[in-house]
Amino acid sequence: MSRIQTTFERLREEGRTALVPFVTAGDPDLEVSLALMQQMVAAGADLIELGVPFSDPIADGPVIQRATERALANGVSLRDVLALVRRFRETDRETPVVLMGYLNPIEVMGSVPFASAAREAGIDGALIVDAPPEESHELVAAMKTQGLDLVYLLAPTSDAARINAIGEVASGFVYYVSVKGVTGAGNLDVEEVGGKLDAIRAQIALPVGVGFGIKDAATAAQVAQVADAVIVGSAIVGQIETLAGEGRAEEIAATIGVFLGELRTAIDTTDRVAEHV
Amino acid sequence: MGYVMATRADEIATGDPAMAGPYRWPDAQGHFGPYGGLFVPETLMHPLTELREAYERYLDDPDFLRELDADLRDYVGRPSPVYHAERWSRELGGAQIFLKREDLNHTGAHKVNNTIGQALLARRMGKTRIIAETGAGQHGVASATVAARLGLECVVYMGEVDVARQEANVYRMRLLGAEVVAVKSGTRTLKDALNEAMRDWVTNIDNTFYIIGTVAGPHPYPAMVRDFQSVIGREARGQMLEKTGRLPDVVMACVGGGSNAIGLFHPFIDDQAVRMIGVEAAGDGLDTGRHAAPLCAGERGVLHGNRTYLMEDENGQIRETHSISAGLDYPGVGPEHAWLKDTGRASYVAVTDDEALAAFHGLTRTEGIIPALETSHALAQAAKLAPTMAKDQSILINLSGRGDKDMQTVARMDGLQL
Ligand SMILES: Cc1ncc(COP(=O)(O)O)c(C=O)c1O
């Protein structure tokens, strides 16, 4: 069983919802990223989504775009992200790490070399934002060969046929984008999200995470009532930006740790809607 | 007979194995061989499907085509003439040069052929707001123009760097009632404007139509923009037959994203004897790395929804481009050009800023036609090629736009301040 499966299995038995933080690797630098990953786990993160910087992040809002630019200014590449995870694995063998990024850096490396390097580094899966099922046959095959999961996005506009097509190739979990827009956008309507998750679960047996638009403990708690995983990105990355901008990079890990602790508590004390427990 | 409908009419068999039979690319998934496709986030799948369905329906809809034809005639001023540049041909001392005068279109470039088509489609789809990206500002102006005419809200995304160097066009767009948003992310140029337009689109898909300005982007844009621009080649093919009694030996155009080039080339693709040459921007020179020539000096990759040739580094990050002409300053190129290059049906070369500038002056002085700097790249290549050809041969160049917008840039190169 993969680390991702094991994690969701355990959470299901405990009746808990996963807390999944997203950070951009190398923002503001790779040393901070490593400390941050370790601290986030200590604060209750169940799985880490690690953003791979790309020069043209079309699905990201301003906060994550700027994080990407900070990382790129340091020359952080896909190879550096793999090396970062290898170092993280020296002390953490349990927490799944999923890369989130765009296709071109992988395209340039090649799907097969990427998948084998990812496995060797201790990565568990990848969510490639601009590689929909119809364009990712090669990547799916390469990842499968290495026993790695490919996570896919689902949107409010995904109809039954799309959900079905994604269900056929997705593994690990699926990621429901809770608002029409880019990362960090808008206000989410938990009732609407819940309804959509029911439709997704009717077709896909995997755990369903919800992300985009979760800003604080209150929204995290609301989403935790209906989702299998609460994914928080811009709200974390925004705090990293502020601290890095004030020259307080050494406080980043601790500050984000405290924030995740609050989210953890809020998620664990909320009542899950019965049918999903 | 509609302009768009006629695309399907002139199909002649070819001998090339990769291109066996009449040319019919893209395939149903929007692929041109290994290029093109639909590399977008799930959030864009629905609007793109909606667009493809509408486009496929109206492409064969006589009522839509009548409306399009009428606008191209009465509003754009089509057909644009083909002009025999006799004096310039004589000066170059070889092949006869013919110019397809897209500079005479309303708004001064070929861009409007496409914005008219897409805006009419937007209206049929019930969209009330259009968005566009722009580099030089030509596509932004062409979008703002049709939005004004159809009473649609219009937002144009433009890199902050381009806003500063294309002030006059920014003002034109605002006069036309468009909102111009300066994009501050990435390299602050055309590619970043495209990123920002896509972000707007995912956020506002219910009422918004995204008019892409060239044959790039996810399927169906490369095919759709080509079909709207193919009016150039269809007219020119007939005009050359009428004027010279035969087809041109060479058709030539500058290539930024590649829309004016594919618009000229496409109706000639099955005429195997006609050579097709696309001209990219070599900037300071291909060996300096400061250029915008992905077909000549780039590698395969995925950007803005399609697989194509790109300017990228060894880690797959998109590289900054350089060209004297903002309209060619783009790190990618339409996927169909990538395919035409690989199959050998078209060839691609690049000319430097200096060569383009020399051709700009050459045409201006001998013919009294001031071309756009983008177009001047094609003219520079023609100036190299013509002397190697016989006097009874011909080169047909797409004169994609007029140079009024470039007065400041050219004056600065000459050490003047306007
Ligand atoms: C006059 C002119 N020609 C050519 C281009 C390049 O675009 P494309 O390669 O799509 O024709 C532009 C773009 O702004 C332009 O304004």
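What counts as what
Residues numbered from 1 in each chain as written. Chains lettered and ligands numbered in written order. Predicted model: local features only at pLDDT ≥ 70, side-chain atom pairs only at ≥ 80, totals over all residues. Heavy atoms only, no water. Helix = DSSP H or I, 4+ residues; strand = E, 2+ residues; numbered from the N terminus. Rg over C-alpha atoms; globule rule 2.2 N^0.38 Å. Buried < 20%, exposed > 50% of the residue type's maximum accessible area, 1.4 Å probe, protein only. Contact = heavy atoms within 4.5 Å. Areas by Shrake-Rupley, 256 points an atom, 1.4 Å probe, with all protein chains shown as cover. Lys, Arg positive; Asp, Glu negative; His and termini not counted. Charge placed at Lys NZ, Arg CZ, Asp CG, Glu CD. UniProt positions renumbered as here; feature names shortened; annotations may be inferred. Buried area = accessible area lost by both parts, 1.4 Å probe. Salt bridge = Lys/Arg side-chain N within 4 Å of Asp/Glu carboxyl O. Polar contact = N/O pair within 3.5 Å; in protein donor to acceptor, adjacent residues only side chain to side chain. Axes fitted to C-alpha atoms, helices over the stretch in contact; angles between N-to-C directions. Nonpolar A, V, L, I, M, F, W, Y, C, P; charged D, E, K, R; others polar. Pairing = 2+ DSSP bridges. Patch = residues over 30% accessible without salt bridge, like charges linked within 9 Å, V, L, I, M, F, W, Y side chains within 5 Å. Core = buried A, V, L, I, M, F, W, Y, C linked by side-chain atoms within 4.5 Å.

> Provide a residue-level description of the overall build of chain B, including the pertinent values.
Within chain B one finds 16 helices and 14 strands. The C-alpha atoms of chain B give a radius of gyration of 20 Å, which matches the 22 Å a tight globule of 418 residues would have. Each principal axis of the C-alpha atoms in chain B carries an extent, and together these give about 55 × 50 × 45 Å. Buried positions account for 66% of the 418 residues belonging to chain B. Once local pairs closer than 6 in sequence are excluded, the contacts in chain B between residues at least 24 apart make up 74%. With an accessible surface of roughly 14,100 Å², chain B has 50% of that area assigned to carbon and sulfur atoms. In chain B, the 42 positive side-chain charges and the 55 negative ones have mean positions that sit 3 Å from each other.

> Could you give an account of the UniProt feature "active site" (unreviewed entry) in chain A, naming the residues involved and the relevant values?
All names here are of chain A. Following the UniProt record, the feature "active site" (unreviewed entry) maps to Glu49 and Asp60 here. Tracing the backbone shows glutamate 49 in strand β2 (residues 48-51). Setting aside chain neighbours within four positions, we find glutamate 49 in contact with Val20, Pro21, Phe22, Val23, Val98, Met100, Leu127, Phe173, Tyr175 and Ile231. Among the structural elements, aspartate 60 can be located in the loop between β2 and α3 (62-73).

> Tell me about the interface of chain A and chain B, and please be specific about residues and values.
It is common to give the size of an interface as the accessible area that goes away when the parts come together. With 35 residues of chain A in contact, the opposing surface of chain B contributes 35 residues. Both sides together, the interface formed by chain A and chain B hides about 2,800 Å², and carbon and sulfur atoms give 51% of it. Taken as a group, Asp56, Ile58 and Glu135 of chain A account for 22% of the area that chain A buries against chain B, more than any other trio of residues on that side. Linking chain A to chain B there are three salt bridges. Taking the shortest distance from any N to any O, the salt bridge between arginine 307 of chain B and glutamate 107 of chain A comes out at 2.6 Å. Taken together, the links from chain A to chain B amount to 17 residue pairs in polar contact (both at pLDDT 80 or more).

> Kindly report on the environment of leucine 82 of chain A, identifying the contributing residues and their values.
Turning to its location among the elements, leucine 82 of chain A is positioned in helix α4 (residues 78-89). In contact with leucine 82 of chain A, other than residues within four places in its own chain, are Leu99, Met109, Ala117, Ala118, Ala121 and Ile123 of chain A.

> Tell me about the packing of helix α9 (residues 221-229) of chain B against helix α10 (residues 231-244) of chain B, and name the residues and values.
Residue and element names in this part refer to chain B. The geometry of α9 relative to α10 is characterised by a closest axis approach of 5 Å and an angle of 35° between their N-to-C directions. Residue-level contacts link Asp227, Phe228 and Gln229 of α9 to Val231, Ile232, Gly233 and Arg234 of α10. Its residues assigned to classes, the contact of α9 with α10 comprises three nonpolar, two polar and two charged.

> So, the pairing of strand β11 (residues 299-303) of chain B: which residues are in play, and what are the values?
Residues and elements named next belong to chain B. In this sheet, strand β12 (residues 305-310) lies alongside β11 in antiparallel orientation, the contact comprising five bridges. Bridging across to β12, valine 302 finds its partner in arginine 307. Between the end of β11 and the start of β12, which pair antiparallel, lie one residue, with histidine 304 showing a positive phi angle near 50°.

> Please provide a residue-by-residue account of a nonpolar patch on the surface, values included.
A surface patch of nonpolar side chains, about 270 Å² in accessible area, is lined by Ile370, Met407 and Leu418 of chain B. The class for isoleucine 370 of chain B is partly exposed, based on a relative accessible area of 36%.

> Got a sec to walk through the sheet that holds β12 of chain B? Specific residues and values, please.
Backbone hydrogen bonds are what pair the strands of a sheet, in a parallel or an antiparallel way. Pairing within the open sheet is antiparallel, and its four strands lie in the order β1-β2-β12-β11 (chain B). Looking at which strands have only one partner, the edges of the open sheet turn out to be β1 (31-32) and β11 of chain B.

> Please provide a residue-by-residue account of the nonpolar core, values included.
Judged by nonpolar contacts, the single largest core of 195 residues is most densely connected at Leu50 and Leu99 of chain A. The leading source of residues in this core is helix α1 (residues 42-59) of chain B, at eight residues. Residue contacts for leucine 50 of chain A: discarding those within four places in its chain leaves Phe22, Val23, Ala25, Met37, Val81, Leu84, Val85, Val97, Val98, Leu99 and Met100 of chain A. Counting residues in hydrophobic clusters, the runner-up holds 28 residues, among them Ala292, Ala359, Ile369 and Leu379 of chain B.

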